[in-house]
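Here is how the chains run, residue by residue.
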Amino acid sequence: MPVRCPARLEKTAEAGTANVAANVHHLERNTVLKQLTHAQIWVHDQEDALAFYTEKLGLELREDVTVPEMGNFRWLSVGVPGQPDVSITLMAVPGPPVFDEETQAQIQAVLAKGAAGGLFFTTDDIQGSYEELRGRGVEFSQEPTEQPYGIDAGFRDPSGNQFRMMQAT
Amino acid sequence: MTTLHPVRHLLRAKDLIDARYREPLDVATLARAAHLSPAHFSREFRRAFGEPPHQYLLTRRLERAAELLRNTDRTVADICLLVGLRSVGSFTTSFGRAFGLSPTAYRAAHTPAISRARVPTCVLQAYARPLSSTFGEDSRGGHG
């Protein structure tokens, strides 16, 4: 079994938050994972989500593959134009055999309650983006608000996922 | 197309509270956002989120007031109005019940969180909201 520099791992584990920058630097030089390619979110309906993400948010369709021998599993992903290396996978909440019906219903409820997480975006012109998205019918939970780190705003997709967009200042 | 989960409509009302807590929001307005009658709405909201809508609204206002106390030098009376509450007396009482300190004492005891960590607003709003169970309801403070 490969031994990967245990002394360094111990040091990482012991390091407090004050040493975060040093740890990031350490990991860059000892890469185990190379790149984040997809972030997965649950959606209540893939067709509805695809329309929202492409037509309202202006993201581009990346992958749309349905696999009949896997119960018509549909791998559906979108991404921000100009950022080809990170995609968002729009995943339907599966029932049996993946999840029993009770679990499926729990995930669907958590999603609809807005408790299933979300994603963070940036924009160069938050006021313009806010007005554009609102005009397209996107629901905002927070209008652009000045914060010490920039100006941010919050909105949701039809499923209940929470999104933030931020313009650095 | 799959129809939306019924709770998703209640989330719209919860988001409306987060977005427009500064305004006088009544149950009828919130119920409309959720496509429910006012009577059904309050019960269903409580079932979904664990507290009635007017209480969520009050705790959202108190959380925003606490944020303004920590990060601005606005007066307590100003802050009360800015977060959508009309009575300073009622605000001070609710705030004391929620945070265990008067607004002035709370301000003196807390440096801005941003001086310690870069915390996004959504995190602050979610984590800094006082628990409803920590204080009694104040109906004057809760409505519009």
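Please refer to the structure placed before this passage.
Residues numbered from 1 in each chain as written. Chains lettered and ligands numbered in written order. Predicted model: local features only at pLDDT ≥ 70, side-chain atom pairs only at ≥ 80, totals over all residues. Heavy atoms only, no water.

Facing 22 residues of chain B, the contacting portion of chain A comprises 26 residues. Each partner contributes to the roughly 2000 Å² buried at the junction of chain B and chain A, and carbon and sulfur atoms together form 54% of this total. Contact with chain A buries surface across chain B, with R8, T121 and C122 of chain B losing the most and accounting together for 25% of the total. Run the count over chain B and chain A and you get three salt bridges. Two residues, E139 of chain A and R12 of chain B, come together in a salt bridge whose shortest N-O distance is 2.9 Å. Counting the contacts that link chain B with chain A gives seven residue pairs in polar contact (both at pLDDT 80 or more). For the side of chain B that touches chain A, the elements supplying multiple residues, two or more each, are helix 1 (6–20), helix 3 (38–49) and helix 8 (121–127) of chain B. (Contact = heavy atoms within 4.5 Å. Buried area = accessible area lost by both parts, 1.4 Å probe. Salt bridge = Lys/Arg side-chain N within 4 Å of Asp/Glu carboxyl O. Polar contact = N/O pair within 3.5 Å; in protein donor to acceptor, adjacent residues only side chain to side chain. Helix = DSSP H or I, 4+ residues; strand = E, 2+ residues; numbered from the N terminus.)

It is worth spelling out the environment of D73 of chain B at this point. All names here are of chain B. Of note, D73 is situated in the loop between helix 4 (53–71) and helix 5 (76–82). Residue class for D73 comes out exposed when judged on its relative accessible area of 74%. Once the C-alpha coordinates of D73 and R107 are considered, the two residues, 34 residues apart in sequence, prove to be 9.1 Å apart. (Buried < 20%, exposed > 50% of the residue type's maximum accessible area, 1.4 Å probe, protein only.)

Attention now goes to the pattern of salt bridges. All names here are of chain A. Summed over the entire model, instances satisfying the criterion amount to 15 salt bridges over all chains. The partner of R74 in a salt bridge is E47, and the shortest N-O contact between them spans 2.9 Å. Placement of R74 in strand 3 (residues 73–79) and of E47 in helix 3 (residues 46–56) is noted, with a sequence separation of 27 residues between them. For E47, a relative accessible area of 45% gives the class partly exposed.

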